[in-house]
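Examination of the molecular architecture
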Amino acid sequence: MTANPLLADWTTPFELPPFSDIDPEHFEEAFVTAMAEARAESDAIADQLAEPTFENTIVALEGSGKRLTKVARTFFNLSSANTNEALQAIERDVAPKLAKHSSDMLLNEKLYARIAALWDQRNSLGLNSEDSKVLERYHKMFQRAGAGLDETGKSRMADISQRLATLGTQFSQNILKDESDYQLVLETEEDRAGLPDFLLTAAAEAAKERGVDGKHVITLSRSSIEPFLQFSTNRSLREEAFRAWSARGERDGKTNNRDIIAETLALRAEKADLLGFDSFAAFKLDDSMAKKPDNVRELLTRVWEPAVAQAREEQAKLAEMAAETGENHPIEAWDWRYYSEKVRKAEHDLDETELKPYLQLDNMIAAAFETATRLFGLTFKELDGLPVYHPDVRAFEVLDRSGKHVGLFLGDYFARPSKRSGAWMSAFRSQHKIDGEISPIIVNVMNFSKGAPGEATLLTFDDARTLFHEFGHALHGLLSDVTYPMISGTSVVRDFVELPSQLYEHWLSEPEVLSKFATHYKTGDAMPPELLEKLLAATNFNQGFATVEYTSSALIDLELHLLEDPGDLDIATFEKTELDKIGMPAAITMRHRIPHFQHVFSGDAYSAGYYSYMWSEVMDADAFGAFEEAGDIFDPEAAERLLTHIYSAGGHPDPAETYKAFRGRAPEIDALLKKRGFAA
Ligand SMILES: [Zn+2]
């Protein structure tokens, strides 16, 4: 028996990774062993003498490399949510090795010949529709990796993949370093002017976490910096904090991402060229619902125009508000949230400090759970004492209507310096049935500011929306009901994957849900109906800003990846020129500026793909109508169709077809414009 817990059988409850026994150095040996094992398995499939069959090739591949999958999922979940220097060093070392491992398999001639032969005979193999889909995915995956190229092309593709893996890792680590290095310590009363209690409490907690106990610290985590920008009356500190936030990945020194980005873009363009595409965007979109860059641009432009118009009106109101309070400076990026909060109060009589006591983290988790109970019959049982990877992580067993085990859900809610910023869903294990019924282990990771010890953690409404969003992804993983890992859960095309998550956000904004779960953290009273009404009436407030912030990032992502020859691109100049071209309002900054655009440069999941949120929104805005038209936001029939065609279907059906099967027709973009408060 081996002493390495990663390589031993996992005897933990639910076969969770044995977190408490794992030391970073265990990963080094585990990766070497697991890669060798996976390699031997795929070689055996490639080298067998038997004629290719679906069973001996595709099913065999689906069953290979299991140990590597377990080790890699454990590692990358930890390196995102709870990293340290040792894990980061291993990540830098292992990322290109994993890329090479993967290239070796995808560029294996014999393996590709077997898959191509099956693909040619696909209509006579007697495959069911799920089998066919998996064969199609394999064929596409090999082709897109360069399996059809000559030897020179293949070897260049392998080098490019390895180098991109290194660059993506370095990019992320640079951002994390910039984020964890920065802190704004609020020393004086003047520094803290205007800050509400909830933010001061969170800032005191952050100070403790960062070893400056007794002080108040603002960090670059969204739930710390955003409320600071909203409330701080100290304009120069707002500017200082905003500039630091906005300059992540762009500061001089070791963590500057400029060269990493230029090289990444050049390599991506070269890869697309090798594969016969005009640009990396064309290559990426070839495997998506949108299909072509023009289709993406058309959608984004359609939203961009009314969004900018609205943002300009919003800005005029902010300037008016500033003038009323005797401030005659122009509205800058660090002023927007501050005056916007004041305008919201004036127009809707709504302020965040009044709202926040009603939005307790625990209750919002309960609301997300109950929504899943009412829609899909799921129940959630919290389990104490499971060996999780950090004391803040909570574990819930998920059961179906009949009490049968569905999976395990982990919730990791609080910001800490060891955690990448943002919010995401991931899987320690995905659902499949090739070895009997394998149930999923899904995690949601957030970056909420933790409440004081013994006190409730309070969220903003945006935080609560993020929680529902990620939980929608979690359900997509948990409810998955397919045979093959290849198409399990969220393994769908990128511009479809945000549908289950964004659709889920709709239930949060329903009075039926909010009035029950939005209760005051001290008195336990339900949110007064007037406040609830004001909250819902203000849903579209500042939507011009939010849409401009997002859409500009999506457009820049597209333009970056349309470059046929990025060469030595000067990122700063490119960003400025492109933003000028589209008429970006100067007082708004992209939601993700290029130097810290993690969606696009931490790996290539969302590269030429940040538009996906908007593409999915065309569907989610329209999809919720199925419940509204039924007159019941938990309508059982609509919920059943939603489960069958979307949440449990994984990547099995064609996305456009499955949407139609759920809704009875294709989505209409008007619903999106209306949802954002723009005239259709
Ligand atoms: Zn999402």
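Provided above is the structure to which this section pertains.
A brief report on the enclosed structure follows. Predicted model only: the values in this text are computed from it and were never measured. (Residues numbered from 1 in each chain as written. Predicted model: local features only at pLDDT ≥ 70, side-chain atom pairs only at ≥ 80, totals over all residues. Heavy atoms only, no water.)

**Observations regarding the side chain of D620**
Assignment of secondary structure puts D620 in helix α24 (residues 612–623). The residues touching D620, leaving out its near neighbours within four places in the chain, are L499, Q502, L503, H506 and K675. (Helix = DSSP H or I, 4+ residues; strand = E, 2+ residues; numbered from the N terminus. Contact = heavy atoms within 4.5 Å.)

**Things to note about the nonpolar core**
Formed by 131 residues in total, the largest nonpolar core has its most connected members in L467, F471, Y504, W507 and Y647. In terms of residues, this core owes the most to one element, helix α13 (residues 293–324), which gives eleven residues. When sequence neighbours within four positions are dropped, the list of residues in contact with Y504 reads A368, T371, A372, L375, F468, F471, G472, L475 and Y647. Counting residues in each nonpolar core, the second largest holds 35 residues, with F19, V94, V388 and L408 among its members. (Core = buried A, V, L, I, M, F, W, Y, C linked by side-chain atoms within 4.5 Å. Buried < 20%, exposed > 50% of the residue type's maximum accessible area, 1.4 Å probe, protein only.)

**Side note on helix α20 (residues 529–537)**
For α20, the complete set of buried residues consists of L531, L532, K534 and L535. End-on, the buried residues of α20 take up no more than an arc of 160°, which puts them together on one face. Those residues of α20 that are exposed and aimed more than 90 degrees away from the buried face are P529, E530, E533 and A537. Lining the buried residues of α20 we find α14 (333–348), α15 (352–355), α17 (461–478) and α19 (511–517). (Arc of directions from axis to C-beta.)

**Details of the coordination of the zinc ion**
Looking at the zinc ion, one finds its protein donor set to be H469 (NE2), H473 (NE2) and E498 (OE), positioned 2.1 Å from the metal centre. Each donor residue of the zinc ion lies on the same chain, and together they follow the pattern H-x3-H-x24-E. Taken together, the residues H469 in helix α17 and E498 in helix α18 (residues 494–508) connect sequence positions 29 residues apart. Across the pair, exposure class does not vary: H469 and E498 are buried alike. (Donors = N, O, S within 2.8 Å, 3.2 Å for Na, K, Ca; no water.)

Function-wise, these values are silent; they only describe arrangement.
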